[in-house]
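Close look at the chain arrangement
One letter stands for each residue in the lines below.
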Amino acid sequence: KAKLNGRNNIQCFDASIQRQLSQRSEIENALKHALQQQEFRLFYQPQVDEQGRIFGVEALLRWQKTPDELIPPDLFIPVAEESGLITEIGLWVLKQACQQLVIWQRSSLTQDISISVNVSARQFLRSKFADEVLSVLSETGARADRLKLELTESAVLQDVEASKQKILQLKAAGLTFSLDDFGTGYSSLSYLKQLPVDQVKIDRSFVKDVTEDEGDSAIVQAILAMCNTLAIETIAEGVETQAQLEFLQQHDCCRFQGYLFGRPVPMNELMDRFFKV
Ligand code: C2E
Ligand code: MG
Ligand code: MG
Ligand code: MG
């Protein structure tokens, strides 16, 4: 009887893995198709200073699968990462953002605005990464000092020394770096000191209850103090309320991103809202 059960379990197990695999390969094929058919789009979310003035945007990827099906990145980035397609998708995102920078460079209203681009671990860890970024910049003519790359702790910590070299190479060309989702990983003072990043992005999970939860409030204050000590710029993500904004301002955070200031929107909407002449 036990044997029979064991067998059944194995069969069940097999079937569910089989199902997952076929779903994965379906998504993978659909992603390849999406790249060829240009179904990817970038949305842009404003980043503002203490005065509420926009100084940058974060480019956020969307998959426009059908005219009324807009798929958020959390649903396909993991598959893109595992299949390796993220390299090609990431390159597309970089090109797109750089082309936008070139358009912005032509107007005095927008020439100082920077674009932050998310880079996945698998993309960043490739040895060709820095060269690829530099070629996109030279091909498009975008100003390197307007391009910020957002890395996660998990990407950087896989090989701190190699990451450091890559970051330094690109910083020498004028790019800047942000550590995304900060606070959710190791977040230690000693490794932050070793990494030549310009900015730390406080994860929105801490901002969410920062005014009610003592733990979150303490974590946010500690991150801000730590970055201050190391002279690293900070930006808070997921700012949705005036109370959160006031707390952050009181603790010397002066850059913000969140629904309070604007959701991610297509470029034409962003232009209408922030750069209407
Ligand atoms: P992220 O880089 O941490 O981006 C911030 C996410 O928080 C975005 O979700 C944004 O829409 C959302 N957000 C911003 N403000 C608020 C707020 O006030 N409240 C709430 N509840 N959410 C807010 P989104 O666009 O769904 O992106 C999710 C994640 O997907 C990103 O997290 C990033 O890790 C990844 N991603 C997005 N675009 C790209 C890309 O081009 N390449 C790579 N590798 N990853 C990307
Ligand atoms: Mg990000
Ligand atoms: Mg983030
Ligand atoms: Mg996040």
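Residues numbered from 1 in each chain as written. Chains lettered and ligands numbered in written order. Predicted model: local features only at pLDDT ≥ 70, side-chain atom pairs only at ≥ 80, totals over all residues. Heavy atoms only, no water.

Examining the confidence of the model for the chain
Confidence along the chain averages 92 in pLDDT terms, with 95% of residues attaining 70 or more. Here residues 1-6 is a poorly scored stretch, pLDDT under 50, and it has zero contacts once near neighbours within four places are set aside; other chains count. (pLDDT = per-residue confidence, 0-100. Contact = heavy atoms within 4.5 Å.)

Examining the site of ligand 1
Taken together, the neighbourhood of ligand 1 is formed by 22 residues, with Arg62, Asp180, Arg204, Glu240 and Tyr259 sitting nearest. Within the contact set of ligand 1, an oxygen atom lies 3.0 Å away from a side-chain nitrogen or oxygen of Glu58. In the model, an oxygen atom of ligand 1 is placed 2.8 Å from a nitrogen or oxygen of the Tyr259 main chain. Burial of ligand 1 by the surrounding chains reaches 86%, relative to a free accessible area of 800 Å². Those elements giving two or more residues to the shell around ligand 1 turn out to be strand E2 (54-66) and strand E6 (176-182). Sort the elements by how many residues they give to the shell around ligand 1 and E2 lands first, with four residues. Taken together, the residues that form the shell around ligand 1 break down as eight nonpolar, five polar and nine charged. (Near = heavy atom within 4 Å. Polar contact = N/O pair within 3.5 Å; in protein donor to acceptor, adjacent residues only side chain to side chain. Areas by Shrake-Rupley, 256 points an atom, 1.4 Å probe, with all protein chains shown as cover. Helix = DSSP H or I, 4+ residues; strand = E, 2+ residues; numbered from the N terminus. Nonpolar A, V, L, I, M, F, W, Y, C, P; charged D, E, K, R; others polar.)

Digging into the pattern of salt bridges
The tally for this structure, following the rule as stated, stands at 10 salt bridges. For the salt bridge of Glu82 with Arg24, the shortest nitrogen-to-oxygen distance reads 2.5 Å. A residue pair is termed long-range when its members are at least 10 positions apart, and Glu82 in helix H2 (residues 77-83) and Arg24 in helix H1 (residues 2-36) qualify at 58 residues. Connected through salt bridges with shared partners, the residues Asp112, Arg143, Asp145 and Arg146 form a single ionic network. (Salt bridge = Lys/Arg side-chain N within 4 Å of Asp/Glu carboxyl O.)

Remarks on the environment of Ala59
Here Ala59 shows up in strand E2. Residues in contact with Ala59, not counting those within four places in the same chain, are Leu42, Phe43, Tyr44, Ile115, Ser116, Val117 and Asn118.

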